[in-house]
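Reading the structure
Here is what each chain is made of, one letter per residue.
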Amino acid sequence: NKRVYLFREGDKSMRDLLGGKGANLAEMSNIGLPVPPGFTITTEVCTEYYASGKKLPAGLMEEIETALKDVEKDQGKTLGDPNNPLLLSVRSGAKFSMPGMMDTVLNLGLNDQVAEGMIAKGADPRFVYDSYRRLIMMLSDVAFGDRYEGISKHDFEHQFYDLKAELGVKEDLEVSADKLKELCERYKAYVQSKGVTFPQDAREQMKEAVEAVFRSWNNERAIIYRRREKIDDAIGTAVNIQAMVFGNMGDDCGTGVAFTRNASTGDKEVFGEYLMNAQGEDVVAGVRTPLDLNELKLQNPIIYNEFVNFCNVLEHHYKDMQDIEFTIERNKLFILQCRSGKRTGTAAVKTAVDMVHECLITKEEAIARVNPDLLNQVLLPVIAPGTKYDVIAKGLPAGPGAATGVAVFDANRAAEMGKGGQGQRVILVRADTSPDDLAGMLAAQGVLTERGGMTSHAALVARGFGIPTVAGCSSIRVDAEKRQFTIGDVTIKEGDYISLNGGLGEVIHGQVPVEDAKMTGDFGTFMGWADEFRKMGVRANADSPADVRKAIELGAEGVGLTRTEHMFFEGDRRPVVVSMILDIDNPETRAAKLGELLEFQREDFKGIFEALEGRPATIRLIDPPLHEFLPNLTELTAEVAVDKAAGKSDAAKETMLRAAESMHEINPMLGLRGVRLSIVYPEIVAMQVRAILEGAASVIKAGGKAVPEIMIPLVGHVNELTTIKADLEKTAKAVEAEQGVSIPYSFGTMIEVPRGALTADEIAVEAEFFSFGTNDLTQMTFGFSRDDSDKFLKPYVERKILPGDPFESIDRKGVGQLMQIAIDKAKKVRPNIKLGICGEHGGDPSSVQFCYEIGLDYVSCSPFRVPIARLAAAQAAL
Ligand code: ADP
Ligand code: MG
Ligand code: MG
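None of these values were measured; they are calculated from a predicted model.

1. Section: the site of ligand 1
Around ligand 1, 19 residues are found, and the nearest of them are Ser89, Arg91, Thr104, Gln242 and Gly280. Those elements that place two or more of their residues in the shell around ligand 1 are strand E5 (88-94), strand E6 (104-108), helix H10 (281-284), strand E11 (322-329) and strand E12 (332-340). Ranked by the residues each element gives to the shell around ligand 1, the list is headed by E5, at three residues. Residues that form the shell around ligand 1 fall into these classes: seven nonpolar, nine polar and three charged.

If you want it as structure tokens, here you go:
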């Protein structure tokens, strides 16, 4: 197998083998863009490297030598030759872009002798030692940092800071050649003190760098990133070895990053940043705050125009927005990377719509291209309009959206405090973020940095994940040690509330109310196209008229699940429900209390039907065990014990305790709930059916339309359904007679017990529709308690015992098979049975795809996921 490809031997279709960066470097070379020559070591070698216990395969170095000869010839320079040295970059690059997650080494080939040689031939000593100090730092950090205790990039940076402090200067550029040379000596002494001699041999440097890039595939941040992005751990990274071009040779040199369109808004404008007399990492690592590319237009219009022209070439070639890295060496422009640009949901939708209008892509391509999960961000929260707030600082609008939370100055603590999105709301505040901060960023509501630009890795990650971010906010002083930041005389300490308005780069004192955004014109157009291709229906889970209205605004075609018990928890109903439960075996109390509840529920349903304006609503009869409406047993027991010890007694509390004790179940999810509860206390559901149909009747009588689909949960045996349905039909008929209207109601069931799925042919005789309750179905199929599964599912997924969390994405093989069996059997007895899904999976794009494949009529999800489900359903049908 060929292991090394020269750029001219590859092309953009070879991402699997060459990685995205390598494939695109090859493609760009071949279409004539100025790319420094080089070659790519394939991703297969990475796999071999790991398979053989981290050893480079035999023969690889020889293949590299051959390719290197080619580059040397092209450049007229030789690696390691002090009189005419070739310098190289060694760059990571997997199939899917993982910005900043893996390692890169620049200026490879420099050593003491080569440095002297370059200067003897006339190179600027400052440039030479600037490059050399970078090499020592990068190579030591990536190649030795993980093997030798105590070598860290941080230490190198600190030594540079110290040197600058000794010299009394601030900027890197103020440090002289001699001092940089001294810094190189300090660096070498530092690594020596940790047990490594910095390799002087260029080939040894190259071998170390290649291995380091392979190892960086499995560094912590890369692993976290892949997990989050669901990138396969097995695919590995390629290594690109490329001739260096230098942005740090002087003031006619520079380096930068640009997007062919605005990555935040999607606007059609080249948008980027650069630094003169700098090397790549300076811009992307966010160490120096770069200049806006529009400055380059003034500084050097010829280069600027050439660059804009390349942007157009690349956009037309790839038919997508590109993220481009470039370097200017002595007024000559080089392109070092291009990839499809990461963008916000808003920008994704806008660029897709614009590119259709520009005839660059088709509507199908536009629909296929936008990741449904990104749509979340289109509806990203904004500060409630009309709110007055106190802007204390302004930075760059690196990630849109509004966020409120307490300031936290350490990524680990932010990760700890904001865990799983359910923890505290935190805003991570850093001087600059490194990719190591990833876990903390993901757990935070928002991110604020003192340094770094719009194209810093922090900003890329923030936009990709929809984290509101203000970057490069140079008026604040972050003091991580003291856990505070200051702006003028304002000090914000850890735990103080701040807010961010990411879209405008505003930092705000205190908390602000945030609310959901409205849909924009492009979003409407885009979703309209999605609906043209979509064949499966999309409904929403909604329990109140307000939810229903929100869902319809977002495109829902009906309600797929109303949880009637949610209404029992509200305001004045709770006491009624509790007093009914406390005396549940007394028929008179039961009747009286149910009479009160009927009044409430009738209004609830009427409101829902009105909001639906004739669209159907699947309404589920009471599902949870009754003790869920009572106070917590353990707490009650403790309270009564405390009272007793204090010599007090509270009769009401004791009654409550007795009731809670008598209803206590060891395993409530498998206990007296769902259809079982209805069979034991049929009056509750009879009341609910009456309320549903009376609510429907009043809407119909007022000239409207109401389509109630009454759903009975947790059926595992057809007799359960037959028994309860007979009762409920009587109630339904009675209501129709009393009200003098005919109501187009139907009875169906949830399929959420495995036995129900397996005997669907019997159940479908009674049920006019099925809705797959995949939360319970997953719980019962795996035997995983959904409420306790955190503890083991995380390690299961980490150790790849399961490919993913089955509560997030349907387990097709097991749970999916039960669904398929149920559908096949049901259709035999009722060919036109209506089929839907109402578990959380209804809003998960991959599960939506599956639901389409097995022929469901609709999916139902929470109102906010409706656009996601619509898009996922359209993509499934393409
Ligand atoms: P990442 O995947 O982290 O973006 P890259 O491989 O793109 O890493 O390298 C980081 C930076 O190093 C780039 O932004 C680029 O500016 C610089 N760089 C890489 N290769 C070269 C090269 N051949 N000449 C000059 N600079 C380079
Ligand atoms: Mg890059
Ligand atoms: Mg259920």
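After presenting the structure, the write-up continues.
2. Quick notes on the UniProt feature "binding site: substrate" (unreviewed entry) in the protein
Within the UniProt annotation, "binding site: substrate" (unreviewed entry) is assigned to Arg563, Arg620, Glu752, Gly773, Thr774, Asn775 and Asp776. Each residue touching threonine 774, except ones within four places of it in the same chain, is listed here: Ile810, Val815, Ile837, Gly839 and His841. Structurally, aspartate 776 can be placed in helix H31 (residues 774-782). Residue aspartate 776 is classed as buried on the basis of its C-beta count, with 23 C-beta atoms lying within 10 Å.

3. Overview of the sheet that holds strand E8 (residues 254-259)
What the five strands build is an open sheet, ordered E10-E9-E8-E11-E12; its pairing is antiparallel. Among the strands making up the open sheet, the edge pair consists of strand E10 (291-292) and E12. Contacting E11 and E12, helix H12 (residues 301-318) crosses the sheet at an angle of about 145 degrees to E11.

4. A look at the domain arrangement of the protein
Taken as a whole, the protein is organised into domain 1 (246-343), domain 2 (380-515), domain 3 (534-625 + 674-877) and domain 4 (628-664). Each side of the interface is counted separately: domain 3 has seven residues, and domain 4 has six residues. A per-element tally of the side of domain 3 that touches domain 4 places helix H22 (residues 573-582) first, with four residues.

5. Let's talk about the sheet that holds E6
Taken in spatial order, the five strands line up as E1-E2-E7-E5-E6 in an open sheet, and their pairing is antiparallel. Two strands lie at the open edges of the sheet, namely strand E1 (4-6) and E6, each paired on one side alone. Within the sheet, the average angular offset between the axes of one strand and its neighbour, ignoring direction, is 20 degrees. Seen against the sheet, helix H8 (residues 202-216) touches strand E2 (38-41), E5, E6 and strand E7 (237-243) and runs at an angle of roughly 20 degrees to E5.

6. A word on helix H7 (residues 177-193)
End to end, H7 covers 24 Å across 17 residues, agreeing with the expected 24 Å (1.5 Å per residue, within 8%). Looking at the buried side of H7, the elements it contacts are helix H5 (125-144) and helix H6 (153-167). Immediately downstream of H7, the backbone of glycine 195 shows phi near 105 degrees, a positive value.

7. Quick notes on the packing of helix H4 (residues 112-120) against H5
How two helices pack is summed up by the angle between their axes together with the distance between the axes. Two elements in contact, H4 and H5, have axes whose closest approach is 9 Å; the angle formed by their N-to-C orientations is 160 degrees. In terms of axis orientation, H4 runs roughly antiparallel to H5. Classified by chirality, the crossing of H5 by H4 is right-handed. Residues Ala115, Met118 and Ile119 of H4 form the contact with H5, whose participating residues are Pro125, Val128, Tyr129 and Tyr132. Looking at side-chain class alone, the contact of H4 with H5 contains seven nonpolar, no polar and no charged residues.

8. Quick look at the UniProt feature "active site" (unreviewed entry) in the protein
Per the UniProt record, "active site" (unreviewed entry) is annotated on His457 and Cys838. With respect to the secondary-structure elements, cysteine 838 resides in the loop between strand E32 (834-837) and helix H34 (845-853). The class of cysteine 838 is buried, set by 28 C-beta atoms lying within 10 Å. Those residues in contact with cysteine 838 that lie beyond four places of it in its chain are Asn541, Gly560, Leu561, Ser771, Gly773 and Ser860.

9. Notes on the environment of alanine 443
For alanine 443, the position within the fold is in helix H17 (residues 438-443). Judged by the 24 C-beta atoms lying within 10 Å of it, alanine 443 is buried. For the pair alanine 443 and isoleucine 710, spaced 267 residues apart in the sequence, the C-alpha separation amounts to 40 Å. In this structure, alanine 443 is in contact with Ala414, Ala415, Gly418 and Lys419, ignoring residues within four places of it in sequence.

10. Details of the confidence of the model for the protein
Chain-level pLDDT for the protein is 93 on average; 98% of the residues reach the 70-or-more range. Reported confidences for the modelled complex are a pTM of 0.82 and an ipTM of 0.96.

Cut-offs and rules
- Residues numbered from 1 in each chain as written.
- Chains lettered and ligands numbered in written order.
- Predicted model: local features only at pLDDT ≥ 70, side-chain atom pairs only at ≥ 80, totals over all residues.
- Near = placed C-beta within 6 Å.
- Helix = DSSP H or I, 4+ residues; strand = E, 2+ residues; numbered from the N terminus.
- Nonpolar A, V, L, I, M, F, W, Y, C, P; charged D, E, K, R; others polar.
- UniProt positions renumbered as here; feature names shortened; annotations may be inferred.
- Contact = placed C-beta atoms within 7 Å.
- Buried ≥ 20, exposed ≤ 12 C-beta atoms within 10 Å, placed from the backbone.
- Pairing = 2+ DSSP bridges.
- Axes fitted to C-alpha atoms, helices over the stretch in contact; angles between N-to-C directions.
- Domains from an automatic or database assignment.
- Expected span 1.5 Å × (residues − 1).
- Parallel < 35°, antiparallel > 145°, perpendicular 65-115°, else oblique.
- Left-handed = near helix turned anticlockwise from the far one by under 90°.
- pLDDT = per-residue confidence, 0-100.

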